[in-house]
Amino acid sequence: MKKYFVLSTFFLLCMQMKAQEIQTVVLGDIPLSEQFRSGVTELNIIGNPTNQDIEYLRDKVMGDLSVLNLKDAVIDTLHQNELDLWTAGIYGYSNHLDVYLPSCLSYMEQHSLKGGICLTQNGGRTERSLTAFITGYSPVFSSNTIGCDIEVSEGNDCCIQCKDENRNVYITSSKGDTLFYITYNDVDRIDIPEGVETLSEGLFNGMILVDGAIINFPSTLGFIGKKAFAGFWRLELDCECPKYEYVSYFICMSVQPPKMHPLSIDDRDFPAISSCALFVPDESVEAYQEADGWNKFALIKGISEFGRKQSDSSNKQTTDIKLLSTDNKKIETRPVRLKKNNAGGFDLEVRSKNGEWKTVLP
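Residues numbered from 1 in each chain as written. Predicted model: local features only at pLDDT ≥ 70, side-chain atom pairs only at ≥ 80, totals over all residues. Heavy atoms only, no water.

Novice: Sorry, what's going on with the sheet that holds strand β18 (residues 198-199) here?
Specialist: Hydrogen bonding along the main chain pairs the strands of a sheet, whether they run parallel or antiparallel. Strand order across the open sheet formed by six strands is β14-β15-β16-β18-β21-β24, with mixed pairing between neighbours. The open sheet has two free edges, formed respectively by β14 (159-163) and β24 (259-260), since each of these has just one partner strand. For β18 and strand β21 (residues 223-224), the ladder comprises two bridges, and the chain directions are parallel. What sits directly across from Thr198, in β21, is Phe223. (Pairing = 2+ DSSP bridges. Helix = DSSP H or I, 4+ residues; strand = E, 2+ residues; numbered from the N terminus.)

Novice: Sorry if this is basic, but what is going on with the confidence of the model for the chain here?
Specialist: Low pLDDT means the predicted coordinates in that region are not meant to be read closely. Across the chain, the average pLDDT comes to 77, with 70% of residues at 70 or higher. Per-residue pLDDT stays below 50 along residues 2-18; that stretch engages in two contacts with residues further than four places along the chain or on separate chains. In the predicted structure, residues 308-333 sits below a pLDDT of 50 and forms 56 contacts with residues beyond four places in sequence or in another chain. (pLDDT = per-residue confidence, 0-100. Contact = heavy atoms within 4.5 Å.)

Novice: Quick question: what am I supposed to make of the pattern of salt bridges here?
Specialist: Between side chains of opposite charge, a pair can form as their charged atoms come close. The final tally for this structure, using the stated rule, is three salt bridges. Its salt-bridge partner being Glu21, residue Arg37 comes within 3.1 Å of it at the nearest N-O pair. With Arg37 in the loop between α2 (32-35) and β2 (42-47) and Glu21 in the loop between α1 (2-19) and β1 (22-27), the pair connects residues that are 16 residues apart, well separated along the chain. Classification of Arg37 as partly exposed rests on a relative accessible area of 38%. (Salt bridge = Lys/Arg side-chain N within 4 Å of Asp/Glu carboxyl O. Buried < 20%, exposed > 50% of the residue type's maximum accessible area, 1.4 Å probe, protein only.)

Novice: Which parts of the structure should I look at to understand the pairing of strand β16 (residues 178-183)?
Specialist: Each regular strand displays side chains that alternate between the two surfaces of the sheet. Extensive coverage of β16 is indicated by the burial of six of its six residues. As defined by bridge partners, strand β15 (residues 169-173) adjoins β16 across four bridges and the pair is classed as antiparallel. Along β16, the bridge assignment pairs Val169 with Thr183. Across two bridges, β16 lies against β18 in parallel orientation. Residue pairing in the sheet places Leu179 in a bridge with Leu199 of β18.

Novice: Sorry, what's going on with the sheet that holds strand β13 (residues 149-152) here?
Specialist: Spatial ordering of the open sheet is given by β1-β2-β3-β6-β11-β13, a layout of six strands whose pairing is parallel. The sheet is open, and its two edges are formed by β1 and β13, each paired on a single side. Taking the axes of each pair of neighbouring strands and ignoring which way they run, one obtains an average angle of 20° across the sheet. Bridge analysis of strand β6 (residues 96-100) against strand β11 (residues 129-134) gives five bridges, and the strand direction is parallel. Paired with His96 across the two strands is Ser129, which belongs to β11. (Axes fitted to C-alpha atoms, helices over the stretch in contact; angles between N-to-C directions.)

Novice: Which parts of the structure should I look at to understand unusual backbone geometry?
Specialist: A negative phi holds for most residues other than glycine; trans holds for most peptide bonds. Despite not being glycine, Asn81 shows a phi value in the positive range, around 70°. Within the secondary structure, Asn81 sits in the loop between β4 (77-78) and β5 (83-84). Residue Asn81 is classed as partly exposed on the basis of its relative accessible area of 28%. The phi angle at His111 is positive, at roughly 55°, despite the residue not being glycine. As for its position among the elements, His111 is in the loop between β7 (107-108) and β8 (113-114). Classification of His111 by relative accessible area gives partly exposed; the value is 25%.

Novice: I keep staring at the nonpolar core and nothing clicks. Help me out?
Specialist: Buried together is how nonpolar side chains tend to be arranged in soluble globular proteins. In terms of nonpolar packing, the biggest core is built from 38 residues, with Leu43, Ile45, Leu57, Leu68, Leu101, Leu113 and Ile150 touching the most fellow members. Secondary structure elements with two or more residues in this core: β1, β2, α3 (51-61), β6, β11, β13 and β16. Not counting residues up to four positions away in its chain, the partners in contact with Leu68 are Leu43, Ile45, Leu57, Met62, Leu97, Asp98, Val99 and Tyr100. Core analysis: the second largest hydrophobic core is formed by 30 residues, Val196, Ile215, Phe217 and Phe297 among them. (Core = buried A, V, L, I, M, F, W, Y, C linked by side-chain atoms within 4.5 Å.)

Novice: I would appreciate a short explanation of the packing of aromatic side chains in the present structure.
Specialist: Taken as a whole, this structure holds ten aromatic pairs when the rule is applied. Taken together, a centroid distance of 6.3 Å and an interplanar angle of 50° make the contact between Phe204 and Phe217 tilted. Remark: Phe217 occurs in strand β20 (residues 213-217) and Phe204 occurs in the loop between β18 and β19 (208-210); sequence separation between them is 13 residues. For Phe217, a relative accessible area of 2% puts it in the buried group. Among the aromatic residues, ring-to-ring pairing joins Phe204, Phe217, Phe250, Tyr288, Trp294 and Phe297 into one connected group. (Phe/Tyr/Trp six-rings, centres within 6.5 Å; stacked < 30°, edge-to-face > 60°.)

Novice: Would you take a moment to explain the pairing of β13 for this structure?
Specialist: Covered by surrounding structure in β13 are Ile150 and Val152 only, the residues Asp149 and Glu151 on the alternate face being uncovered. Two elements, β11 and β13, share four bridges in a ladder whose sense is parallel. By the bridge assignment, Ala132 is partnered in β13 with Ile150.

Written as structure tokens, this is what we have:
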């Protein structure tokens with residue numbers, strides 16, 4: 001019995017050591033495929049990876065990693081689907097992956113980094129969550145649908161992140177004057193921090209908001225980047241909920257209309273800005289109506305009219321729906337909300353009687 005106990009303890013220790021195995025790879029003349037050791041769960045990559053190295057990393061390595069440190073890797077751009085385990089159909093046994101982005105990274109395209117599928121010990125499958133950490137200056141994001149959560153790594157002095165009361169996360173430059181990315185938890189309201197002067201490229205590209213959502217721009221805003229509003233989508237819930245005349249209600253308290261990049265708004269994307277309303281300082285209505293880009297809003301009104309326009313929705317956090325039995329008899333009315341999931345989409349959640357939120361539709 002004692003011998004069995006010793007062997008079991010030794011086996012567990014070996015498994016622990018294996019589970020925590022770390023490897024550092026310096027790329028150059030020898031490709032990643034010839035250096036990577038099976039069983040590694042934390043991988044540090046230094047140097048300039050080739051296209052073959054990136055492909056091998058995605059298809060053969062990332063599925064079983066818990067940490068991928070690319071801080072010292074020489075990568076300027078992460079292209080669409082390049083490290084997207086979801087689209088590539090890559091499985092593995094790690095249920096969460098932390099990726100430390102290259103400190104020299106300057107651009108990330110949409111769906112460039114996604115978690116994929118995790119295999120469970122009982123043979124099941126679940127989504128693998130993935131968090132990407134910015135380790136240097138923030139890269140430019142082509143859209144809000146990168147495919148993973150974005151955070152600032154600890155000790156990074158080049159950019160900062162902050163949260164509003166709705167737990168939306170804003171990533172800005174170290175001075176707080178440029179907003180690079182929004183990880184939004186509340187699809188009803190977004191309050192961009194005061195002090196932000198520039199909205200970076202693709203900030204709202206791919207963002208999905210429910211009818212009547214409010215986007216509040218700061219009075220300090222001065223410039224909006226390329227494709228900031230491209231792919232701005234409307235989400236209509238099939239339930240008994242308030243209907244709004246406009247997709248979203250923007251508030252911009254800058255007296256002078258902030259300048260827009262010529263390609264900030266793409267009319268080909270439905271519904272885009274042409275289905276949104278804009279409220280501005282009362283004395284600035286005419287200036288916004290004549291300003292390039294801003295004049296594409298469906299409605300431009302003074303801020304004094306906003307309260308009357310929004311009396312039924314300015315503090316809306318959730319929408320009530322009626323839950324029905326299979327024979328279509330009404331059971332009760334419950335609050336419902338949308339919550340962003342690890343796959344870059346949304347889950348529909350209903351609040352139970354004890355106050356807990358439960359997913360009802362993926």
